[in-house]
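Now for the letters of each chain:
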Amino acid sequence: MPRAVTRERDGGEGKARPLPRVFAVANQKGGVGKTTTTVNLGASLADLGFRVLVIDLDPQGNATTGLGIDARNFDTSVYDVILHDVPLEDCIEPTTIKNLFVAPATIDLAGAEIELVPAFSRELRLRKAVEQVRDDFHFVFIDCPPSLGLITVNGLAAAGEVLVPIQCEYYALEGVGQLLRNVELVRGNLNPDLEVTTIVLTMYDGRTKLADQVVQEVRSHFGEAVCRTVVPRSVRVSEAPSFGQPVTVHDPSSRGAIAYRALALEVSGGAP
């Protein structure tokens, strides 16, 4: 696959980031829109013509079902990749969306935290697997569980960038400080290239003064890493997973779908 370059804003000037790009989508606080952002941003980038892989690292498997993949219909999953050295390409499933693929999760991952403890090079097992397929995709999104155990460490060690969804609600930054400390630990010990490049504000409700205060606080705290696009709170976004679809398919004209398409343009630099 030819090497491509995306442009990121950097004080008004484009900062080139070569493809492929591998993101760990992480925030130890639950319910902030990690899986929603992974699925919908991935689908929107695929619509732009990029080849996208979603790796579901959450034992709940919400990214898997949210992309219409039935856990009963495949033989191998991310669990087998991490614990049994199964090649990642053997468990990748196509979705109904062109250019979008998923490495599915099953409930087996719930036990992987404990099973990994005695494993050899336990923190780097996903990284080795991703290295075998990364050149087949433009974007890889690793949907990490809402915890900071060995599974999330595997996700951070396998990525080059961290994408942090932050909800526009009270206590929005709670837990983010701990996540950033863990990113520093992973960078210092396992993955020196890891950096937090992308902060996405989610669940924005323009009717509340609090939401605007959170937006201002996050922007002042993280500066250029915060995306201009803010994802609104949306019923359509919330109900789309129950149909096994991204919101861009479920209701393409909804506010949530429009926001995620704008976010995809921003993250990719706008160049299909």
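Residues numbered from 1 in each chain as written. Predicted model: local features only at pLDDT ≥ 70, side-chain atom pairs only at ≥ 80, totals over all residues. Heavy atoms only, no water.

Looking at the overall build of the chain
We apply this condition: In DSSP terms, a helix is any run of H or I states spanning at least four residues, a strand is any run of E spanning at least two, and both are numbered starting from the N terminus. Under the scheme applied here, a residue whose accessible area is under 20% of the maximum for its type counts as buried, over 50% as exposed, and between as partly exposed, the area being computed with a 1.4 Å probe on protein chains only. Contact definition: two residues touch when any of their heavy atoms are within 4.5 Å. None of His or the chain ends enter the tally, which takes Lys and Arg as positive and Asp and Glu as negative. One atom stands in for each charge, and that atom is NZ of Lys, CZ of Arg, CG of Asp or CD of Glu.
Across its full length, the chain carries 11 helices and 10 strands. Residues counted as buried form 54% of the 272 residues belonging to the chain. Long-range contacts, defined here as pairs at least 24 residues apart, represent 77% of the contacts in the chain between residues at least 6 apart. With 26 positive and 34 negative side-chain charges, the chain shows a separation of 6 Å between the mean positions of the two kinds.

Looking at the pattern of salt bridges
Our working definition: The salt bridge definition used is simple: a Lys or Arg side-chain nitrogen within 4 Å of an Asp or Glu carboxyl oxygen.
By the definition in use, this model includes 8 salt bridges. Linking R122 and E123 is a salt bridge whose minimum nitrogen-to-oxygen distance equals 3.4 Å. Classification of R122 as partly exposed rests on a relative accessible area of 27%. For R207, the salt bridge goes to D205, with nearest N and O atoms at 3.0 Å. Overall, R207 belongs to the exposed group, its relative accessible area being 75%. In this structure D205 comes out as buried when scored by relative accessible area, which is 18%.

Remarks on the packing of helix α4 (residues 109-116) against helix α6 (residues 150-158)
Applied cut-off: With axes taken as lines fitted to C-alpha atoms, and helix axes fitted only over the stretch in contact, angles between N-to-C directions fall between 0 and 180 degrees. Here the word oblique covers every angle except those under 35 degrees (roughly parallel), over 145 (roughly antiparallel) and from 65 to 115 (roughly perpendicular). Amino acids are sorted into nonpolar (Ala, Val, Leu, Ile, Met, Phe, Trp, Tyr, Cys and Pro), charged (Asp, Glu, Lys and Arg) and polar (every other residue, Gly among them).
Packing of α4 against α6 brings their axes to within 8 Å, and their N-to-C directions diverge by 85°. With respect to α6, the element α4 is oriented roughly perpendicular. In contact with L109, A112, E113 and L116 of α4, α6 contributes L150, I151 and N154. Here the residues of the contact of α4 with α6 are counted per class, giving 5 nonpolar, 1 polar and 1 charged.

Structural notes on the nonpolar core
Burial of nonpolar side chains together is a common tendency in soluble globular proteins. As a reminder, the rule being used: Residues belong to one nonpolar core when they are buried, are Ala, Val, Leu, Ile, Met, Phe, Trp, Tyr or Cys, and are joined through side-chain atoms within 4.5 Å.
In terms of nonpolar packing, the biggest core is built from 53 residues, with L53, I55, L88, I142, I166, I199 and V218 touching the most fellow members. When neighbours within four sequence positions are excluded, I166 is seen to be in contact with N27, A172, L173, V176, I199, V200, L201, T202, V218 and F222.

A word on the pairing of strand β9 (residues 195-204)
Put simply, the test is: In short, DSSP must find at least two bridges between two strands for them to pair. We call a crossover right-handed when, viewed with both strands directed away from the observer, the connection leading from the first strand over the helix to the second proceeds clockwise.
In terms of strand pairing, strand β8 (residues 161-167) meets β9 through 7 bridges, oriented parallel. Directly across from I166, in β9, lies its bridge partner L201. Note on the crossover from β8 through helix α7 (residues 176-189) to β9: the handedness is right-handed. For β9 and strand β10 (residues 226-232), the ladder comprises 3 bridges, and the chain directions are parallel.

Things to note about the packing of aromatic side chains
Note the following rule: Pairing of aromatic rings covers Phe, Tyr and the six-membered ring of Trp, with a centre-to-centre limit of 6.5 Å; geometry is then stacked below 30 degrees between planes, edge-to-face above 60, and tilted otherwise.
If you walk through the whole model with that rule in mind, you get 6 aromatic pairs. Considering the side-chain rings of F23 and F139, the 6.5 Å spacing of their centres and the 15° angle between planes classify their relative orientation as stacked. A residue pair is termed long-range when its members are at least 10 positions apart, and F23 in strand β3 (residues 21-25) and F139 in strand β7 (residues 139-143) qualify at 116 residues. The class of F23 is buried, set by a relative accessible area of 0%. A residue is classified by how much of its surface remains accessible, and F139, at 0% relative accessible area, is buried. Measuring from centroid to centroid gives 5.1 Å for F50 and F139, while their planes differ by 90°, and the two rings are edge-to-face. Residue F50 is found in the loop between α1 (34-47) and β4 (52-56), and its partner F139 is found in strand β7; the two are separated by 89 residues along the sequence. Residues F50 and F139 agree in their burial class; the two are buried. Members of the aromatic cluster, each reached through a chain of ring pairs, are F23, F50, F139 and F141.

Quick notes on the sheet that holds β10
The 8 strands are arranged β5-β6-β4-β7-β3-β8-β9-β10 in an open sheet whose pairing can be described as mixed. Edge positions in the open sheet fall to β5 (93-94) and β10, since each of these has one partner strand only. Note: β4 against β7, 5 bridges, orientation parallel. For D56, the partnering residue across the bridge sits in β7 and is D143. Contacts between helix α11 (residues 255-268) and the sheet are confined to β3, β7, β9 and β10, with β10 contributing the most and set at about 165° to the helix.

Some thoughts on the side chain of T64
For T64, the position within the fold is in helix α2 (residues 62-66). Owing to a relative accessible area of 1%, T64 belongs among the buried residues under this scheme. When neighbours within four sequence positions are excluded, T64 is seen to be in contact with D56, I69, F74, V102, P104 and A105.

A word on the side chain of T229
Rules: Two N or O atoms form a polar contact when they lie within 3.5 Å of each other; inside protein one atom must be a possible hydrogen donor and the other a possible acceptor, and for residues adjacent in sequence the pair counts only when both atoms belong to side chains.
Along the chain, T229 turns up in strand β10. A polar contact is formed between the side chain of T229 and the side chain of E266, at a distance of 2.8 Å. Those residues within four positions of T229 in sequence are excluded, and the remaining contacts are A259, A262, L263 and E266.

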